[in-house]
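Per-entry structural report
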Amino acid sequence: MKLFIYLFILLFTIIGCDPTLTPEEVAELAEANDPRAKITLDMTENLELTIGIKNFEDPVAILSFELIFDPNALSLSTHAGQNFGNPSFSMDEVSDTTYASFAFFGNISGDGDLLKLNFQGSQSAYRGTTIFVRKIELWDNSSNLIDISDDE
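**Quick look at the overall build of the chain**
Scanning the chain from terminus to terminus reveals three helices and six strands. Helices (α) and strands (β) of the chain occur, in sequence order from the N terminus, as α-α-β-β-β-β-β-α-β. Relative to its full complement of 152 residues, the chain shows a buried share of 26%. Counted over contacts in the chain with a minimum sequence separation of 6, partners at least 24 positions apart contribute 69%. As displayed, the chain offers around 10400 Å² of accessible surface, 54% of which is attributable to carbon and sulfur atoms.

Quick look at the structure:
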């Protein structure tokens, strides 16, 4: 009888346990379950960057940002609007340090892709290069700046 109980406990333990996750899988799960609003950047091997939004519960009337990258390593060849239409404003080579600026006007909410951007550059030149957004501004329908500061 004891053998039957031990086998039952062993079988229940094996069936009931999740497989061990790698640290990368744990990070992906945490990111997927994070309820905070965020702007996402996803780059493919062929240098296509997708900029999107996730968890934008409250509608945003104006969303603007600057895109920063090393112009010695990459050059922006094209950009196209996605789920929220074409940018209402876009400018390339704004200054020595800002190489693209975009703004979207309208009812921006939920999840979706904002832009697809295609870059050109040699693999040796862009290896280790960082692309990021800065000077993000969000305005609501009442022309109030939405505070995006977060201690986390």
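**Side note on the environment of T44**
Examined against the element boundaries, T44 turns out to sit in the loop between β1 (38-43) and β2 (48-68). For T44, a relative accessible area of 31% puts it in the partly exposed group. For the pair formed by T44 and N118, sequence separation is 74 residues and the distance between their alpha carbons is 9.8 Å. Side-chain polar atoms of T44 contact the side chain of N46, separated by 2.3 Å.

**Regarding unusual backbone geometry**
Of note in the backbone geometry, L47 takes a positive phi value of approximately 65° without being a glycine. Locating L47 in the fold gives a position in the loop between β1 and β2. Judged by its relative accessible area of 8%, L47 is buried. Phi is positive for N55, close to 65°, though the residue is something other than glycine. Mapped onto the elements, N55 comes out in strand β2.

**So, the nonpolar core**
Ranked by internal contacts, the top residues of the largest apolar core, which has 26 residues, are F65, L67, L117 and F119. Sorting the residues of this core by element identifies β2, β5 (100-120) and β6 (132-139) as the ones contributing at least two each. Among all residues touching F65, those that are not within four sequence positions of it are I51, A100, S101, F102, F104, L114, L115, V133, R134, K135 and I136.

**A short note on the side chain of E66**
Within the fold, E66 resides in strand β2. Residue E66 is classed as buried on the basis of its relative accessible area of 12%. A distance of 2.8 Å separates a polar atom in the side chain of E66 from a polar atom in the side chain of R134.

**Focus: the packing of aromatic side chains**
Following the criterion strictly, the structure yields two aromatic pairs and no others. Seen from their ring centres, F65 and F102 are 5.8 Å apart, and the 40° between their planes marks the pair as tilted. With F65 in strand β2 and F102 in strand β5, this residue pair connects regions lying 37 residues apart in the sequence. Here F65 falls in the buried class, since its relative accessible area comes to 2%. Between F69 and F119, the ring centres sit 5.1 Å apart and the planes meet at 80°, which makes this aromatic pair edge-to-face. Of this pair, F69 sits in the loop between β2 and β3 (75-81) while F119 sits in strand β5, and the two are 50 residues apart along the sequence. The buried category is assigned to F69, whose relative accessible area is 7%. Residue class for F119 comes out buried when judged on its relative accessible area of 5%.

The rules we used
- Residues numbered from 1 in each chain as written.
- Predicted model: local features only at pLDDT ≥ 70, side-chain atom pairs only at ≥ 80, totals over all residues.
- Heavy atoms only, no water.
- Helix = DSSP H or I, 4+ residues; strand = E, 2+ residues; numbered from the N terminus.
- Buried < 20%, exposed > 50% of the residue type's maximum accessible area, 1.4 Å probe, protein only.
- Contact = heavy atoms within 4.5 Å.
- Areas by Shrake-Rupley, 256 points an atom, 1.4 Å probe, with all protein chains shown as cover.
- Polar contact = N/O pair within 3.5 Å; in protein donor to acceptor, adjacent residues only side chain to side chain.
- Core = buried A, V, L, I, M, F, W, Y, C linked by side-chain atoms within 4.5 Å.
- Phe/Tyr/Trp six-rings, centres within 6.5 Å; stacked < 30°, edge-to-face > 60°.

The values reported here are purely geometric and, on their own, carry no functional implication.
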